[in-house]
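Below are the chains, spelled out letter by letter.
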Amino acid sequence: MTHHSISLYAIHCEWPAAVTLAATLLLLLVVALVVAHVVRAWRDRLLAGRLVEIAATVAVFWLPRFRDPNFHLHHWFWTWFVGMHANQDAWWSVASSAFLWGGYVNGVGAWGRDDVLGCRRSFAAAIDQGCGFMECYADQHGAGPNATLPKPPRFADAPSWRHCTGDAP
């Protein structure tokens, strides 16, 4: 079984036609469900409040991260994010929510809750928390036990998805 990432590079350079077709069909289903949620929220006079909720969660959870070249859209992240907004009292909304929360649980259970900024965030967290395993990094860079660690290494930028060049993360 082959796994395919959701990134501009992977979509443009690595996805076979069957994956593109499946993603397109899934996207059409998602659009239909979003339209159903919007129509239902409009009918119940909840649309303005729902739009404020979505805007606030996008501002808090997406905007600070998505422009970083190391951003990786883990399936646990997007299913959690969309699942919290599929919360209307209709069978298709409950089914959507159940599917999405299942994707979240699967992602966290199978792969762990990896940070969406990947190695860059993990490195920074390890340095900030003084993790013992970072001593090997300090040793390689000539820092003593009481010295502060040198600047983090330069992280590679994302490969070019426009030209399919560079190494994919």
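Residues numbered from 1 in each chain as written. Predicted model: local features only at pLDDT ≥ 70, side-chain atom pairs only at ≥ 80, totals over all residues. Heavy atoms only, no water.

Can you walk me through the overall build of the chain in this structure?
Each helix and strand in the chain was counted, giving 7 helices and 0 strands. Shown N-terminal to C-terminal, the secondary structure of the chain runs as helices and strands in the order α-α-α-α-α-α-α. Looking at the chain as a whole, 24% of its 169 residues qualify as buried. Expressed as a percentage of contacts within the chain between residues at least 6 apart in sequence, the contacts between residues at least 24 apart total 60%. As presented, the chain carries roughly 12,000 Å² of accessible surface, and 64% of it is formed by carbon and sulfur atoms. (Helix = DSSP H or I, 4+ residues; strand = E, 2+ residues; numbered from the N terminus. Buried < 20%, exposed > 50% of the residue type's maximum accessible area, 1.4 Å probe, protein only. Contact = heavy atoms within 4.5 Å. Areas by Shrake-Rupley, 256 points an atom, 1.4 Å probe, with all protein chains shown as cover.)

Just checking my understanding: could you explain a nonpolar patch on the surface for this structure?
Together, Leu 26, Leu 27, Leu 29, Val 30, Val 31, Val 34, Val 35, Val 38 and Val 39 line one region of the surface with nonpolar side chains, adding up to about 750 Å² of accessible area. Among the structural elements, Leu 26 can be located in helix α2 (residues 17-43). Look at Leu 26 and you get partly exposed, because its relative accessible area is 45%. (Patch = residues over 30% accessible without salt bridge, like charges linked within 9 Å, V, L, I, M, F, W, Y side chains within 5 Å. Salt bridge = Lys/Arg side-chain N within 4 Å of Asp/Glu carboxyl O.)

Where do I start with the packing of aromatic side chains in this structure?
In this description, an aromatic ring pair is defined by two values, namely the gap between the centres and the angle between the planes. With the rule as written, the count across this model stands at 8 aromatic pairs. With a centroid separation of 5.9 Å and an interplanar angle of 45 degrees, the aromatic rings of Phe 77 and Trp 80 are classed as tilted. Linking Phe 77 with Trp 80, this pair stays in helix α4 (residues 75-83), spanning 3 residues, or about one helical turn. For the pair Phe 77 and Trp 80, a shared accessibility class is recorded, and that class is buried. Consider the rings of Trp 80 and Phe 81, whose centres lie 6.5 Å apart with planes at 65 degrees: the pair is edge-to-face. Each member of the pair Trp 80 and Phe 81 is classed as buried. Here the aromatic cluster, defined as three or more aromatic residues joined through ring pairs, consists of Phe 61, Trp 62, Trp 76, Phe 77, Trp 80, Phe 81, Trp 101 and Tyr 104. (Phe/Tyr/Trp six-rings, centres within 6.5 Å; stacked < 30°, edge-to-face > 60°.)

What exactly am I supposed to notice about the packing of α4 against helix α5 (residues 91-111) here?
Where α4 contacts α5, the axes come no closer than 8 Å and their chain directions differ by 150 degrees. By the criterion of interaxial angle, the relationship of α4 to α5 is roughly antiparallel. Between α4 and α5 the crossing geometry is left-handed. Across from His 75, Trp 76, Trp 78, Thr 79, Trp 80, Val 82 and Gly 83 in α4, the residues of α5 making contact are Ser 97, Leu 100, Trp 101, Gly 103, Tyr 104, Asn 106, Gly 107, Val 108 and Trp 111. The residue makeup of the contact of α4 with α5, split by class, is 9 nonpolar, 7 polar and no charged. (Axes fitted to C-alpha atoms, helices over the stretch in contact; angles between N-to-C directions. Parallel < 35°, antiparallel > 145°, perpendicular 65-115°, else oblique. Left-handed = near helix turned anticlockwise from the far one by under 90°. Nonpolar A, V, L, I, M, F, W, Y, C, P; charged D, E, K, R; others polar.)

How should I be thinking about the pattern of salt bridges in this particular structure?
Across all of its chains, the model carries 2 salt bridges by this definition. For the salt bridge of Arg 40 with Asp 44, the shortest nitrogen-to-oxygen distance reads 3.3 Å. According to the relative accessible area criterion, Asp 44 is partly exposed, its value standing at 36%. One salt bridge in this structure joins Arg 43 and Asp 44, with 3.6 Å as the shortest N-O distance. Where salt bridges share partners, they join Arg 40, Arg 43 and Asp 44 into one cluster.

I would appreciate a short explanation of the side chain of Arg 50 in the present structure.
Topologically, Arg 50 is positioned in helix α3 (residues 47-61). One buried charge, Arg 50, has no salt-bridge partner; the nearest side chain with opposite charge is Glu 53, at 4.3 Å. Once residues lying within four places of it in the same chain are set aside, the contact partners of Arg 50 are Ala 41, Asn 87 and Gln 88. (Lys, Arg positive; Asp, Glu negative; His and termini not counted.)

Teacher, can you tell me more about unusual backbone geometry here?
Note: most residues except glycine have negative phi, and most peptide bonds are trans. Non-glycine residue Arg 45 carries a positive phi angle of around 60 degrees. For Arg 45, the position within the fold is in the loop between α2 and α3.

Even after reading the chapter, I still don't get the nonpolar core, so can you show me in this structure?
Most often, soluble globular proteins keep nonpolar side chains buried together rather than apart. Membership of the largest hydrophobic core is limited to 9 residues, which are Trp 62, Phe 71, Leu 73, Trp 76, Phe 77, Trp 80, Phe 81, Val 116 and Leu 117. In this structure, Val 116 is in contact with Arg 65, Asn 70, Phe 71, His 72, His 74, Trp 76 and Phe 77, ignoring residues within four places of it in sequence. (Core = buried A, V, L, I, M, F, W, Y, C linked by side-chain atoms within 4.5 Å.)

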